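# Analysis of the macromolecular model
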Amino acid sequence: MSEKNIYEGLTTEQAKILLQKYGRNELVPQKKDGFILKLLHTIAEPMFILLLVAAVIYFILGEPRDGAIMLVFVIAIITIDFVQEWKTDKTISALKNLSAPHTMVIRDGKEQTILSTELVPGDIMLVVEGVKIPADGEIIKCSDFCVNESSLTGESEGVWKTDIANPDAGGDYWRSDMCYAGTLCTQGSASILVTATGTSTEYGKIGKNVAQAPDMPTPLQKQTNKLVKVCAVIAAVLFVLVTLITFLNLTIPSFSDRLVESILSGITLAMAMIPEEFPVVLTVFLSMGAWRLARKSSLVRTMPSVETLGAVSVLCVDKTGTITMNEMTVTNFHTYNCTEKELCEIMGMACEVECYDPMEKAMLSFCEANGISVKELFSGELVTEYAFTNKSKMMGHVWNKDGKIIIAAKGSFEKISSLCSLSDEAYKDVSEKAEEMSSKGLRVIAVASQNVNSSEEIPHELTDCKLSFLGLVGLADPPRELVAADIETCKKAGIRVVMITGDNGFTASSIASQVGIENSSDIITGDMLEKMSDDELCEAVRHANIFSRVIPEHKMRIVKALRRNGEIVAMTGDGVNDAPALKYADIGIAMGKRGSEVSREAADLILLDDNFSTIVDTVRDGRRIFDNIRKAIGYIFTIHIPIALASLLAPMLGISSGELMLLPLHVVLLELLIDPTCSIVLERQPAESNIMSRPPRNPSEPIIKLSGIIKSIVQGIVIFAASFGTYLFILNQTGNSSYARSMSLTIIMFSNLLLVFVNSSEKDYAFRSIKALAHDKVMWVTSLGTIALVLLVLYSPINSFLKLEPLSVVSLLASFAIAVVSVMWYEIVKAVSKPVKKREMQE
């Protein structure tokens with residue numbers, strides 16, 4: 001490729017061809033299970049094995065019609081599972097695409113942003129500070145380019161890079177004119193010609209095994225898997241018992257017929273006992289919850305973080321840009337032995353020529369407004385610069401203007417003043433002025449300068465300079481409009497808000513008091529933190545909510561101390577060095593607008609609008625998602641109890657398999673109702689009205705508490721008593737098992753629908769849930785679908801296949817009335833418990 005073509009990059013067509021040739025830029029290609037593999041995986045589930053066995057038994061009994069119906073139901077349920085899995089995969093894939101790393105490249109002669117996985121050899125990628133380098137490549141050109149290659153070499157010290165025109169003479173394996181995938185740009189920028197991608201990179205050669213490591217199940221997944229296993233073991237034991245009892249009770253003379261009939265009864269019970277919906281609920285609720293959060297500017301990168309959101313007890317946030325608007329304006333000036341114009345000029349000269357920092361933009365705008373143009377400020381020769389670091393808290397530029405060499409410096413008052421020869425009296429006056437400005441919530445920047453006689457006298461470091469103090473500049477960054485209300489919401493929700501900032505304590509305290517953060521006068525500075533032991537810090541973080549003048553390394557210690565105290569910590573961050581703290585926090589939250597790529601990759605959540613209100617909304621949604629998972633698990637327990645008890649008691653009462661209240665066909669029919677109710681209807685439930693007025697969830701508590709289990713058992717037993725009691729009554733009165741079965745099945749189907757409304761809230765009455773969901777099309781479809789299914793199985797020709805009979809209008813209405821009574825009684829419990837809960841909250 002010619003030099004001219006190199007700088008123009010590839011064309012779109014060339015990139016497509018090379019992508020086909022070299023493959024995607026990933027360590028392990030994403031494998032998607034084929035249709036057959038997914039089908040086999042679904043059929044291997046215990047529920048489907050039982051369904052197939054039941055179908056085979058029907059064929060053995062000489063009832064091919066029932067066997068065929070069973071197979072139709074099997075296909076229907078597999079279809080539902082496939083649709084759910086397809087929607088979930090589609091949602092997760094969309095979320096991955098949203099959070100996937102992107103790279104700036106030159107293609108078709110212009111700068112474009114593409115997915116990092118679409119990089120190909122021959123691309124020109126543009127790398128800046130904070131970017132994780134996605135491929136190996138030669139450096140075409142660079143400026144102050146430093147790379148952390150510790151992920152490859154183990155050496156933590158940054159490596160200064162050169163371009164291919166000026167290679168390092170050293171013969172080391174790791175070349176100074178090359179960049180490698182997986183390393184991090186810590187300073188400067190570069191244009192890089194990609195030479196290797198994917199497993200062909202140096203990182204790919206050693207990192208493939210890491211990328212192939214299996215995902216570990218989340219605590220929630222472990223709990224649900226354990227529940228399913230426990231239920232499966234109970235189902236197996238009861239299967240054996242029911243089969244044996246039925247075999248002994250039956251009076252059929254044929255041994256083989258008695259055995260087959262007994263096994264059929266056992267299978268019906270086992271099918272009723274296995275809550276195969278649990279894993280579906282977990283997957284669908286978390287993925288759909290993550291998708292809803294993404295639509296609200298909160299991008300979930302790790303699914304477990306969705307379940308952790310509801311347990312957050314401490315929210316550690318940056319001041320600038322999260323609590324404040326990050327829109328700086330110069331509002332105050334204080335000169336010292338100079339004119340305002342002189343102070344303004346030095347302030348401007350200390351700014352970056354191409355600035356991105358909001359404060360520097362505000363300073364240059366102020367210079368322009370006072371008749372000092374940017375062109376005039378930067379008209380001289382920039383000899384050298386002293387870079388700003390989190391540790392130094394200051395920066396400087398050395399200019400050669402009109403034959404004079406001037407050092408222009410700015411930074412925190414504490415750091416700049418330490419390099420100036422101020423008398424004790426002068427230091428006291430200026431310090432008091434800085435405190436006064438800070439107490440008003442202003443960001444205070446000190447400005448100083450030094451004249452140098454020749455280039456040989458220019459100090460190597462800013463700390464070696466002997467500066468003349470010129471004055472202070474106050475910049476205002478007002479709090480966001482809704483932050484105070486959101487912090488009040490956090491207080492009610494039992495969530496502490498902790499402000500962590502690099503700014504001085506006065507400014508931090510002022511902003512904190514404006515927005516309502518508690519203990520705003522109790523400030524721990526970075527210097528104080530440095531002197532504390534880990535035990536002392538653990539004690540200090542119990543009450544301190546303001547940390548000022550901290551560096552990213554301090555954030556890690558603060559997070560560790562809070563976690564040692566048993567807190568569940570969410571931490572925001574945007575810088576390269578924030579990544580370890582974000583990784584260590586229970587939930588790391590990266591800034592989507594101003595955050596570095598490394599911080600976004602380390603985070604669990606990416607805040608697309610950098611807004612504190614979005615964090616609070618995300619916590620609220622996290623609580624709603626977990627609440628709905630808990631409601632769905634409780635619902636599954638409740639609705640399975642009448643099915644399981646009916647299947648268990650009927651054989652024990654000596655009822656023959658042909659006259660059972662529920663046959664395998666009917667259990668499958670009910671599963672067709674339960675699946676969409678779990679995965680679609682309950683997932684959409686709105687948040688409880690008191691969701692942000694209660695303390696955070698204890699992360700160690702089980703997915704369903706003892707009170708929830710008791711509630712589900714009682715509700716299930718009442719529905720069972722209503723349906724099975726009706727079945728026995730009609731059977732004794734008429735001797736018609738089909739008619740009795742029709743009424744009991746109708747009661748369970750109506751009860752299933754009513755349970756959604758009653759259990760949609762632990763606090764509000766069912767009619768409020770109905771009212772709230774009145775405009776929800778999905779709820780309308782579900783409600784009308786349930787009624788349509790009842791009418792279909794009772795009054796269409798398929799009733800004979802299902803061994804049912806049409807009900808009279810009176811019987812249908814009676815079934816509905818019994819269902820209402822068997823479910824709606826819980827509304828009385830809500831009414832009675834409301835005053836009790838209110839008193840408990842007041843106490």
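Residues numbered from 1 in each chain as written. Predicted model: local features only at pLDDT ≥ 70, side-chain atom pairs only at ≥ 80, totals over all residues. Heavy atoms only, no water.

### A word on helix H14 (residues 358-369)
The condition that has to hold: Starting at the N terminus, helices and strands are each numbered in turn, a helix being any DSSP run of H or I of at least four residues and a strand any DSSP run of E of at least two. A helix's residues, less one, multiplied by 1.5 Å, set its expected span. Here the term buried applies to any residue with accessible area under 20% of the maximum for its type, exposed to any over 50%, and partly exposed to those in between, with areas from a 1.4 Å probe on protein chains only.
Along its 12 residues, H14 runs 16 Å from first to last C-alpha, staying within 8% of the 16 Å computed at 1.5 Å per residue. Those residues of H14 that sit buried are Met359, Glu360, Ala362, Met363, Leu364, Phe366 and Cys367. Downstream of H14 by a residue or two, Gly371 has a phi angle that is positive, lying close to 85°.

### Side note on the pattern of salt bridges
Note the cut-off: In the sections that follow, a salt bridge refers to a side-chain nitrogen of Lys or Arg positioned within 4 Å of a carboxyl oxygen of Asp or Glu.
Scanning the model with the defined rule gives 22 salt bridges in all. A salt bridge links Asp177 to Arg175; its shortest N-O distance comes to 3.0 Å. Residue classification places Asp177 among the buried residues on the basis of a relative accessible area of 7%. Salt bridges sharing common partners tie together Glu138, Arg175 and Asp177.

### Some thoughts on a nonpolar patch on the surface
Formally: A patch is a set of surface residues, each over 30% in relative accessible area and not in a salt bridge, joined within 9 Å for like charges and within 5 Å for the nonpolar side chains Val, Leu, Ile, Met, Phe, Trp and Tyr. Throughout, the Shrake-Rupley method with a 1.4 Å probe supplies accessible areas, and for residues the shown protein chains are the sole cover considered.
On the surface, a cluster of nonpolar side chains totalling about 500 Å² of accessible area is made up of Leu706, Ile709, Ile710, Ile713, Val714 and Ile717. Mapped onto the elements, Leu706 comes out in helix H27 (residues 706-734).

### Remarks on the environment of Ile818
Where we set the bar: Here, residues are in contact when the closest pair of their heavy atoms is within 4.5 Å.
Following the sequence through the fold, Ile818 ends up in helix H32 (residues 809-824). Under the relative-accessibility criterion, Ile818 is labelled partly exposed at 26%. C-alpha of Ile818 to C-alpha of Ser751: the two residues are 67 residues apart in sequence and 8.8 Å apart in space. Setting aside its immediate chain neighbours within four residues, Ile818 contacts Ala722, Thr726 and Ile747.

### Brief notes about the packing of helix H28 (residues 737-759) against H32
This is how the line gets drawn: Here, axes are lines fitted to C-alpha atoms. For helices the fit covers the stretch in contact, and angles between N-to-C directions go from 0 to 180 degrees. Angle categories are assigned with fixed cut-offs, so that under 35 degrees is roughly parallel, over 145 is roughly antiparallel, 65 to 115 is roughly perpendicular, and the rest are oblique. Two helices crossing with the near one rotated counterclockwise from the far one by less than a right angle form a left-handed crossing, whereas a clockwise rotation gives a right-handed crossing.
Axis separation between H28 and H32 bottoms out at 8 Å; the angle between their running directions is 40°. Taken together, the axis directions place H28 and H32 in an arrangement best described as oblique. When you trace H28 past H32, the crossing you get is right-handed. Contact residues: H28 offers Tyr739, Met743, Thr746, Ile747, Phe750, Ser751, Leu754, Leu755 and Val758, while H32 offers Ser811, Leu812, Ala814, Ser815, Phe816, Ile818, Ala819, Val820, Ser822, Val823 and Met824.

### Concerning a negative patch on the surface
Stated formally: Here the positive residues are Lys and Arg and the negative ones are Asp and Glu; neither His nor the chain ends is included. Taken as the charge centre is NZ of Lys, CZ of Arg, CG of Asp or CD of Glu, depending on the residue.
A cluster of like negative charges, contributed by Glu425, Asp429, Glu432 and Glu435, occupies part of the molecular surface. Note on Glu425: relative accessible area 61%, which makes it exposed.

### Concerning the packing of aromatic side chains
Selection rule: For Phe, Tyr and Trp, rings pair up if their centres lie within 6.5 Å, where Trp contributes its six-membered ring, and each pair is then called stacked (planes under 30 degrees apart), edge-to-face (over 60) or tilted (otherwise). For a Lys NZ or an Arg CZ to count as sitting over a ring, it must be within 6 Å of the ring centre and within 35 degrees of the ring normal.
Overall, the coordinates contain 9 aromatic pairs when judged by the stated rule. An angle of 25° between the planes, with centres 4.9 Å apart, marks the rings of Phe333 and Phe366 as stacked. You can see Phe333 sitting in strand S10 (residues 329-335) and its partner Phe366 sitting in helix H14, a full 33 residues away along the chain. An aromatic cluster is defined as three or more aromatic residues linked by ring pairs; in this entry it consists of Tyr336, Phe413, Tyr427 and Phe469. Above the plane of the ring of Tyr584 lies Lys560, whose end atom (NZ or CZ) is 5.4 Å from the centre. Above the ring of Tyr584, the side-chain terminus of Arg563 is found at 5.1 Å from the ring centroid.

### Considerations on the sheet that holds strand S17 (residues 523-525)
Within a beta sheet, neighbouring strands are joined by backbone hydrogen bonds and run either parallel or antiparallel to one another. This is how it is decided: Should DSSP find at least two bridges between two strands, the strands are taken to pair.
Reading across the sheet, the 8 strands line up as S8-S21-S20-S19-S9-S16-S18-S17 and stay open at both edges, with mixed pairing between neighbours. Only two strands of the sheet have a single neighbouring strand rather than two, namely strand S8 (298-300) and S17. Averaged over all adjacent pairs, the angle separating strand axes in this sheet is 20°, with direction ignored. Where strand S16 (residues 496-500) meets strand S18 (residues 546-548), 2 bridges bridge the pair, whose relative direction is parallel. Bridged to Met499 within S18 is Ile546.

### A word on the packing of helix H26 (residues 664-681) against H28
Put simply, the rule reads: Each residue is assigned to one of three groups, with Ala, Val, Leu, Ile, Met, Phe, Trp, Tyr, Cys and Pro labelled nonpolar, Asp, Glu, Lys and Arg labelled charged, and all others, Gly among them, labelled polar.
It is the contact of H26 with H28, at a shortest axis distance of 11 Å, that shows an interaxial angle of 5°. Taken together, the axis directions place H26 and H28 in an arrangement best described as roughly parallel. Contact residues: H26 offers His666, Leu669, Leu670, Leu673, Ile674, Thr677 and Val681, while H28 offers Arg741, Leu745, Ile748, Met749, Asn752 and Val756. Its residues assigned to classes, the contact of H26 with H28 comprises 9 nonpolar, 3 polar and 1 charged.

### Examining unusual backbone geometry
Non-glycine residue Asp108 carries a positive phi angle of around 55°. Even without being a glycine, Asn337 presents a positive backbone phi close to 60°. Mapped onto the secondary structure, Asn337 falls in the loop between S10 and helix H13 (340-349).

### Considerations on the nonpolar core
For clarity, the threshold we go by: We define the nonpolar core as a collection of buried residues of types Ala, Val, Leu, Ile, Met, Phe, Trp, Tyr and Cys that are connected through side-chain atoms lying within 4.5 Å of one another.
In terms of nonpolar packing, the biggest core is built from 99 residues, with Leu315, Ile323, Ile517, Ile589, Phe612 and Leu662 touching the most fellow members. What Ile323 contacts, discounting residues up to four positions off in sequence, is Val317, Asp318, Pro479, Arg480, Val483, Met499, Ile511, Val515, Ile517 and Phe612. Counting 28 residues, the second largest nonpolar core, distinct from the first, contains Met328, Cys338, Met359 and Met363.

### Focus on the sheet that holds strand S14 (residues 442-452)
Pairing is antiparallel across the open sheet formed by 6 strands, whose spatial order is S10-S15-S14-S13-S12-S11. In the strand order of this sheet, the two ends are held by S10 and strand S11 (381-386), each with one partner. Going across the sheet, the axis of each strand differs from the next one's by a mean of 25°, ignoring polarity. Of the strand pairs in this sheet, S11 and strand S12 (residues 394-401) are connected by 5 bridges, and their pairing is antiparallel. Note on S12: the bridge partner recorded for Thr384 is Val398.

### A closer look at the environment of Ala408
Along the chain, the position of Ala408 falls in strand S13 (residues 404-411). Each C-alpha atom, one on Ala408 and one on Gly396, is 5.5 Å from the other, the two residues being 12 residues apart in sequence. Among all residues touching Ala408, those that are not within four sequence positions of it are Ile346, Met349, Ala350, Met395, Gly396, His397 and Ala448.

### Quick word on the confidence of the model for the protein chain
Cut-off, in case you're wondering: A score from 0 to 100, pLDDT tells how confident the predictor is in each residue.
Chain-level pLDDT for the protein chain is 82 on average; 82% of the residues reach the 70-or-more range. The low-confidence segment residues 209-214 (pLDDT under 50) makes 3 contacts with residues lying over four places distant or belonging to another chain. Note on residues 839-843: pLDDT under 50 across the span, and 1 contact to partners over four residues away in sequence or across chains.

### Regarding the pairing of S16
Most of S16 is tucked away, with 5 of its 5 residues classed as buried. Side chains Arg496, Val498 and Ile500 of S16 all project onto a buried face; the interleaved residues Val497 and Met499 project onto the opposite face, where all are buried too. As judged from the 5 bridges shared by strand S9 (residues 314-318) and S16, these two strands associate in the parallel manner. Residue Val314 lies in a different strand from S16, and its bridge partner there is Arg496.

### Here's the deal with the side chain of Arg623
Which entries qualify depends on this criterion: Definition of a polar contact: a pair of N or O atoms within 3.5 Å, with one able to donate and the other able to accept a hydrogen when the atoms are protein atoms, and with sequence-neighbouring residues admitted only if both atoms are side-chain atoms.
On the secondary structure map, Arg623 appears in helix H25 (residues 612-652). Buried and without a salt bridge, Arg623 has Asp627 as its closest oppositely charged side chain, separated by 7.9 Å. Among the polar contacts listed, one links the side chain of Arg623 to the backbone oxygen of Ala493, at a separation of 2.9 Å. Each residue touching Arg623, except ones within four places of it in the same chain, is listed here: Gly310, Ala493, Ile495, Ile691, Met692, Arg694, Pro695 and Pro696.

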